[in-house]
Amino acid sequence: MADPRTELADIIAPVAPATVAAGSSLAGWGVAALAAVACIALAAWLWHRRRHHRALRRIAAAVGLQQAPVPALAAQLDAWARERLGLARIEAAQCPPGHDPGAWAEWATRLTQLRFAPSPPDAYAALAALCETARVWKRHV
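Residues numbered from 1 in each chain as written. Predicted model: local features only at pLDDT ≥ 70, side-chain atom pairs only at ≥ 80, totals over all residues. Heavy atoms only, no water.

Student: Whenever I open this one, a nonpolar patch on the surface confuses me. Can you help?
Tutor: A cluster of nonpolar side chains, namely Leu 42, Trp 45 and Leu 46, defines an oily patch on the protein surface of about 310 Å² accessible area. Take Leu 46: it is sitting in helix H3 (residues 22-49). When its relative accessible area of 38% is taken as the criterion, Leu 46 is described as partly exposed. (Patch = residues over 30% accessible without salt bridge, like charges linked within 9 Å, V, L, I, M, F, W, Y side chains within 5 Å. Areas by Shrake-Rupley, 256 points an atom, 1.4 Å probe, with all protein chains shown as cover. Salt bridge = Lys/Arg side-chain N within 4 Å of Asp/Glu carboxyl O. Helix = DSSP H or I, 4+ residues; strand = E, 2+ residues; numbered from the N terminus. Buried < 20%, exposed > 50% of the residue type's maximum accessible area, 1.4 Å probe, protein only.)

What follows is the structure, encoded as structure tokens:
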């Protein structure tokens, strides 16, 4: 006669399923972690790359709302342009590479006038025009 313990063993205690290889699970987690790190690095790089645009937008918004005196806003635009173009000073005679020398000289002269001369009645409009001109500059440094 057959032994009931061996005949009914699979019904009472089923055979454990085959386990997935442990290496493939770790490899999947490794790939997911690497993809997450790559996405975070890309987002940080894009955020860092757009910092000049955000700073210029803040200056232009302050000009539009007339939140500060014209010389202070012109000084902020001067600092922004020096950092963006890698210049020690903003001078009409020293045009950065890739810019039209005539347009640059006019822009730099107008910025210097707004920064140091008494403010004309249309000073905020002129400063907004300078910000708009600077918005289209590409990085040439």
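Picking up where we left off.
Student: Can you walk me through the environment of Glu 83 in this structure?
Tutor: Structurally, the position occupied by Glu 83 is in helix H5 (residues 70-85). In the structure, Glu 83 is positioned 31 residues away from His 52 in sequence and 8.6 Å away in space, judged by C-alpha atoms. Not counting chain neighbours up to four residues away, the residues in contact with Glu 83 comprise Arg 51 and His 52. (Contact = heavy atoms within 4.5 Å.)

Student: Please clarify how helix H6 (residues 101-116) should be interpreted in this entry.
Tutor: It helps to recall that an α-helix has 3.6 residues per turn; residues three or four apart then point in one direction. Between its terminal C-alpha atoms H6 stretches 22 Å, which fits the 22 Å expected from 16 residues at 1.5 Å a residue. All of the buried residues in H6 are Trp 104, Trp 107, Ala 108, Leu 111 and Leu 114. Projected down its long axis, H6 shows its buried positions confined to an angular sector of 130°, all on one face. Every exposed residue of H6 that faces more than 90 degrees away from the buried side is listed here: Pro 101, Glu 106 and Phe 116. (Expected span 1.5 Å × (residues − 1). Arc of directions from axis to C-beta.)

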